Amino acid sequence: MATNIFSIGQSALQAAMAAQATTSHNISNATTPGYNRQEVVQSSAGGINYGYGFVGQGTQVTEIKRVYNDFLTKQALASQTSASSLDAYYSEISQINNMVADTKAGLSPSLQDFFAAIQNLASNPNTQASRQSVLSQASTLVARVTSINDQLSASSASVNSQITSTVTTINSYAQQIAQLNKAIVSAIGTGGGQQPNDLLDQRDQLVAELNKYVKITTVPQDTGAVSVFIGTGQSLVTGENVTQLAVTNSPTDVSRLQIGQVTTAGTTATIPDSFFYDGGSLGGLLKYRSETLDPTQNALGRIAIALGTAFNQQQQLGLDQNGNPGTNMFNVSSPNLIGYPTNTGTTDLKATITDPSALSTSDYTLTYDGTNYTFTRLSDNTKTVKAAGDFPVTLDGVTYSNGAAAPGPYAPAIPSGNIYKIQPTANGAAGFSLALNNTQLLATAAPISTSINATNNVNASTPATNAGNALISSTSLDGTKFQQGSSVSFTASMSGGTPSVLQLTSAWSGATPVPDVTYSNPDGTGGTVAGGAAFPYQSGMTITSGGVSFTLTGTPSTAGTGDKFNFAPVAANKGTATISSGSVTPAYLTTTTPLTKPTTLEYDGTATPPNFTISPAVPAGGGTITHKDGTTTTIGAGVTVLPYTAGDTYEISGVSFQISGQPSDGDQFTIAANTNAASDNRNMLAMGNLQTSKTINGTNFQGSYSQLVATIGNKTNEINVTNTAEKARLTAIQTQQQSESGVNQDEELAQMIRNQQQYQAAAKIIQAASDMINVLLTLGG
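Residues numbered from 1 in each chain as written. Predicted model: local features only at pLDDT ≥ 70, side-chain atom pairs only at ≥ 80, totals over all residues. Heavy atoms only, no water.

Participant: I would appreciate a short explanation of the overall build of the chain in the present structure.
Facilitator: The secondary structure content of the chain amounts to nine helices and 42 strands. Taking 781 residues into account, the globule formula puts the C-alpha radius of gyration at 28 Å, and the chain, at 48 Å, lies well above it. In terms of its C-alpha atoms, the chain occupies a principal-axis envelope of roughly 200 × 55 × 45 Å. Counting only residues that meet the buried cut, the chain has 43% of its 781 residues in that class. The long-range fraction of contacts in the chain, counting pairs at least 24 apart against all pairs at least 6 apart in sequence, stands at 67%. Total accessible area on the chain is roughly 35700 Å²; 51% of this is exposed by carbon and sulfur atoms. The centroid of the 32 positive side-chain charges in the chain is displaced by 4 Å from the centroid of its 46 negative side-chain charges. (Helix = DSSP H or I, 4+ residues; strand = E, 2+ residues; numbered from the N terminus. Rg over C-alpha atoms; globule rule 2.2 N^0.38 Å. Buried < 20%, exposed > 50% of the residue type's maximum accessible area, 1.4 Å probe, protein only. Contact = heavy atoms within 4.5 Å. Areas by Shrake-Rupley, 256 points an atom, 1.4 Å probe, with all protein chains shown as cover. Lys, Arg positive; Asp, Glu negative; His and termini not counted. Charge placed at Lys NZ, Arg CZ, Asp CG, Glu CD.)

Here it is, written out as structure tokens:
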């Protein structure tokens, strides 16, 4: 029995030693990252039946257990990978947010200064200083767009750099996990199935660190190893084997890096960026690039394209200081078309921006299956399917065709199976530059001018065939007696009587009835004759007929058909009607028959209903009348009569004008080419109006940029708030995890004291057993 007691004491002593060693191990690793507290698990060694009962055999250490909560660990991993993703996202987006929202470095101040210079030039079209200010502010605007784009490009380069370093780190952790897998499997095999707690802690810590870079999923194996998967299930570690990640260039953009896996054949299989979005700093970077960086660069490009196109179009609709048609103010980029490396053959696909106001901030792909053309808007995966007969196709402001002239066909030739990426606005900011460097080339003037007959004018003239020396002077026109649109000619001849007398004969055109002629001679004689009747001529005589009055001096020749004296009078308008200064639309640039010949509109108040007679007739292409209530009336080509209602706006051959008020019968309105471009400001006023025009997707330039700033600001705040909440959640999980698995020094110290007491008690058992043996030996002796 004494020897049994000795064995029991020895087992107690060994258990106390194991417990003390484990407690000491806990204390020494209290600050080791990833360490989980360990504790000794003891069990009874059983008993021996001596007939009177079972006598215990002491204790035994069954295992050194790792205090580990798998549920909390998985929660911590999920929260950590999410927080790491948000951290990476916020770090990048906050820089862009600060840049675009800066009241000095952002685009808003440059836009405001540019339009202020435009308005100043509209007020002073002849001032060279004002013209120079416009070009200077335009240059500043271009520089600001370029600067912001450069910073966005730098952010893209930073993302590339971080992707490369992150992939290197992920591969390193994968190798270390694989090595620990090998060590753990070996330790379990040689340890009789006991768990190598410290190796498990090390592996779990590596998994946690890897989880910060890319969201991972672990699957335990029966051997003790774990398999690690990333993305949507791509294998990274399987036992001792590692599938290396690699960085590769995007097939559609060599400046853009993507992630791939190295295959057994040595090639790299690209993994879509979206597979990594669920977590890790790598996912945050890729998500930031696709959700914020790319749309921001496209949005800035859209503003540059829309602004440049709008000003170029308005420039072309005006006249510069030299009276020449305006040229482009800005250089504007075209859509970027990229073929996938797997494509075969060539294509004649052409993509042209035809409506900048309808542009989106998305990229697109175009595929062809041999029958249908499928356009996919990548921002929302919206698909638009077209057949060959549908071309040219216009989608979100971009027109696609093969570039053929009318009548087509317009469908592009694309080998079946080919894929093309289309970036309408990605290069918009990079390709935005100033095209003008000469202040005289700023087209401030409109190409047309309008007028009314404000003064009476007899428009006297003599043919070059006149052989005499008679001169017209002292002309005047009585508008109350003159019939608008009529004209008169006086012809010299000799009477047939004896003696023959020099005489004049009037010939009216367009006047009903034909006016009489009254003449007054210098000698006081005179008289009145019927229109068309001859009357004697004296040098210096004054002649009046139909409101036209003039003095004729000298001697007219009667040779041939006789000298003529012509009058095409225009009387001042008598009504209250006015005509607007007029403007031109883009149609003016393509018309072959502009209204600048000049064109005259004469009011006919006697017609039912009253109307305008237009001369020359409306050219090919016709026009439109827009009434005050918004309704329209089509003007046919070749018509000579236009209906009139006060306030109507006429647009003919790209020329737009409005007549308001009440004209009188015979009142005339004229549209002609502008001959005073140097002091005209109408086209510059039109440029100023672009500041508030809805030129980009229902808003103006400033509004579009403000939307961009607001979008980035809201996203930045969203990421920041979500990140703060996720970090608080992670802290709570880690606190709970540490309260269960972490080392508490006070608890371990108390455990150490208990272990010492257990050790001392075990020693007493052994001492008692020794004493008993000594007594037995003495008795036996």
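Participant: Help me understand the side chain of Ser656, please; the structure alone is not making it clear to me.
Facilitator: Within the secondary structure layout, Ser656 lies in strand S41 (residues 655–660). Since its relative accessible area comes to 14%, Ser656 is described here as buried. Once residues within four sequence positions are removed from consideration, Ser656 is found in contact with Gly582, Ser583, Thr649, Tyr650 and Glu651.

Participant: In this structure, what is going on with unusual backbone geometry? I would like to understand it.
Facilitator: Most peptide bonds adopt trans geometry, and most residues besides glycine take a negative phi value. The residue after Thr608, namely Pro609, is reached through a cis peptide bond having omega -10 degrees. For Pro609, the location among the structural elements is in the loop between strand S35 (599–604) and strand S36 (611–615). Residue Ser615 is joined to Pro616 through a cis peptide bond whose omega torsion reads -5 degrees. If you trace the backbone, Pro616 turns up in the loop between S36 and strand S37 (623–626). Even without being glycine, Asp396 reaches a positive phi, approximately 50 degrees. As for its position among the elements, Asp396 is in the loop between strand S18 (393–395) and strand S19 (398–401).

Participant: Can you walk me through the pairing of strand S6 (residues 226–230) in this structure?
Facilitator: For a regular strand, the rule is simple: side chains alternate between the two faces of the sheet. When you tally the buried positions in S6, you get four out of five residues, the bulk of the element. The pairing of strand S5 (residues 216–220) with S6 spans five bridges and is antiparallel. Across the sheet, residue Thr218 finds its bridge partner in S6, namely Val228. Hairpin connection, S5 to S6: the antiparallel pair is bridged by five residues, and Gly224 has positive phi, about 105 degrees. Here S6 runs beside strand S7 (residues 234–238); their pairing, made up of three bridges, is antiparallel. Of the residues in S7, the one forming a bridge with Phe229 is Ser235. (Pairing = 2+ DSSP bridges.)

Participant: Looking at this structure, how should I read the nonpolar core?
Facilitator: Note that soluble globular proteins tend to have their nonpolar side chains buried in a common cluster. Within the largest apolar cluster, 76 residues are counted, with the highest numbers of intra-cluster contacts made by Leu107, Phe114, Leu210, Leu236, Phe311, Phe330 and Phe701. If one sorts the elements of this core by residue count, helix H4 (residues 128–190) sits on top with 17 residues. Not counting residues up to four positions away in its chain, the partners in contact with Leu107 are Leu141, Arg144, Val145, Ile148, Leu300, Ile303 and Tyr705. Ranked by size, the runner-up nonpolar core spans 24 residues in total, among them Leu504, Ala511, Val517 and Phe550. (Core = buried A, V, L, I, M, F, W, Y, C linked by side-chain atoms within 4.5 Å.)

Participant: Sorry if this is basic, but what is going on with the sheet that holds strand S20 (residues 419–423) here?
Facilitator: Whenever strands of a sheet pair, they do so through backbone hydrogen bonds, lying parallel or antiparallel. Pairing in this open sheet of five strands is antiparallel, and the strands run S13-S20-S15-S16-S17 from one edge to the other. Because the sheet does not close on itself, it has two edges, and the strands there are strand S13 (336–339) and strand S17 (382–386). Averaged over all neighbouring strand pairs, the angle between strand axes comes to 20 degrees, with direction disregarded. Note that S13 and S20 share four bridges and pair antiparallel. Across the sheet, Leu337 pairs through a bridge with Ile422, a residue of S20. (Axes fitted to C-alpha atoms, helices over the stretch in contact; angles between N-to-C directions.)

Participant: Explain the sheet that holds strand S11 (residues 268–271) to me, please; I cannot follow it from the model alone.
Facilitator: One open sheet holds the three strands; their spatial order is S9-S10-S11, and the pairing between them is antiparallel. Two strands bound the open sheet, and with one partner strand each, they are strand S9 (245–250) and S11. Between one strand axis and the next, the sheet turns through 50 degrees on average, direction left out of account.

Participant: Looking at this structure, how should I read empty space enclosed by the protein?
Facilitator: If you roll a probe as big as a water molecule over the atoms, it shows you where there is empty space left. Applying the stated criterion to the full structure yields one cavity of 30 Å³ or more. Looking at the largest cavity, its volume works out to about 30 Å³. Lining the largest cavity are Val214, Lys215, Gly231, Phe275, Phe276, Asp278 and Gly279. In terms of residue class, the lining of the largest cavity is made up of three nonpolar, two polar and two charged. (1 Å grid on protein atoms, 1.4 Å probe; cavity = no way out; pocket = protein on both sides within 12 Å on 5 of 7 lines; lining within 4 Å. Points joined across faces, edges and corners; volume = space filled by probe spheres on them. Nonpolar A, V, L, I, M, F, W, Y, C, P; charged D, E, K, R; others polar.)

Participant: Looking at this model, I keep getting lost on the pairing of S17. Mind explaining?
Facilitator: Across five bridges, the pairing between strand S16 (residues 373–377) and S17 is antiparallel. By the bridge assignment, Thr374 is partnered in S17 with Val385. Here S16 hands over to S17 after four residues, with Asn381 in that stretch at a positive phi of 60 degrees.

Participant: Just to check I follow, could you spell out the environment of Phe276 for this structure?
Facilitator: One can find Phe276 in the loop between S11 and helix H6 (280–316). When the C-alpha atoms of Phe276 and Lys215 are compared, they prove to be 7.3 Å apart, with 61 residues separating the residues in sequence. Not counting residues up to four positions away in its chain, the partners in contact with Phe276 are Val214, Ile230, Ile259, Ile271, Leu282, Gly283 and Leu286.

Participant: Any chance you could explain helix H8 (residues 701–741) here in plain terms?
Facilitator: Three- or four-residue spacings in an α-helix give side chains the same orientation, since the helix completes a turn every 3.6 residues. A rise of 1.5 Å per residue sets the reference length of H8, with its 41 residues, at 60 Å; its end C-alpha atoms lie 58 Å apart and thus fit the reference within 8%. Where H8 begins, the side chain of Asn700 points an oxygen toward the backbone nitrogen of Gln702, at a separation of 3.3 Å. (Expected span 1.5 Å × (residues − 1). Polar contact = N/O pair within 3.5 Å; in protein donor to acceptor, adjacent residues only side chain to side chain.)

Participant: Quick question: what am I supposed to make of the pattern of salt bridges here?
Facilitator: Any two side chains of opposite charge can pair if their charged atoms end up close together. Scanning the entire structure with this criterion turns up 15 salt bridges. Between Asp294 and Arg256 there is a salt bridge whose closest N-O contact spans 2.6 Å. Of this pair, Asp294 sits in helix H6 while Arg256 sits in strand S10 (residues 253–262), placing them 38 residues apart in sequence. No difference in accessibility class separates Asp294 from Arg256, as the two residues are buried. Across the salt bridge formed by Asp680 and Arg682, the nearest N and O atoms sit 2.9 Å from each other. Residue classification places Arg682 among the buried residues on the basis of a relative accessible area of 16%. (Salt bridge = Lys/Arg side-chain N within 4 Å of Asp/Glu carboxyl O.)

Participant: Help me understand the environment of Val237 in this model?
Facilitator: Its place among the elements puts Val237 in strand S7. A relative accessible area of 0% places Val237 in the buried class. Sequence spacing of Val237 and Ala225 is 12 residues, and the spatial spacing of their C-alpha atoms is 9.8 Å. Excluding anything up to four places from it in sequence, Val237 contacts Ala174, Ile177, Ala178, Asn181, Val226, Ser227, Val228 and Val242.

Participant: When you look at the layout of surface pockets in this model, what are you seeing that I'm missing?
Facilitator: Roughly 1200 Å³ of internal volume is contained in the largest pocket. In terms of lining, the largest pocket is formed by 42 residues, of which the most central are Arg256, Ser290, Asp294, Asp363 and Lys421. Mapped by element, the contributors of at least two residues to the lining of the largest pocket are H4, S10, S11, H6, S13 and S20. Top contributing element to the lining of the largest pocket by residue count: H6, with seven residues. Of the residues belonging to the lining of the largest pocket, the class tally is 12 nonpolar, 22 polar and eight charged.

Participant: What's the story with the packing of aromatic side chains in this structure? I'm lost.
Facilitator: Scanning the model with the defined rule gives 24 aromatic pairs in all. Ring plane angle 45 degrees and centroid distance 6.4 Å describe the contact between Phe375 and Phe391, whose orientation is recorded as tilted. On the criterion of sequence distance, the pair formed by Phe375 in strand S16 and Phe391 in the loop between S17 and S18 is long-range, its members being 16 residues apart. Classification of Phe375 by relative accessible area gives buried; the value is 1%. Through a chain of ring-to-ring contacts, three or more aromatic side chains come together here, namely Phe114, Phe115, Phe311, Phe330, Phe432 and Phe701. (Phe/Tyr/Trp six-rings, centres within 6.5 Å; stacked < 30°, edge-to-face > 60°.)

Participant: Any chance you could explain the packing of helix H2 (residues 70–101) against helix H5 (residues 197–213) here in plain terms?
Facilitator: Each pair of packed helices can be described by the angle between their axes along with the distance between the axes. For the pair H2 and H5, interaxial distance at closest approach is 7 Å and the crossing angle is 35 degrees. For the crossing formed where H2 meets H5, the hand is right-handed. Side by side, H2 and H5 meet where Leu77, Ala78, Gln80, Thr81 and Ser84 of the first sit next to Val207, Ala208, Asn211 and Lys212 of the second. Across the contact of H2 with H5, the residue classes tally to four nonpolar, four polar and one charged. (Left-handed = near helix turned anticlockwise from the far one by under 90°.)

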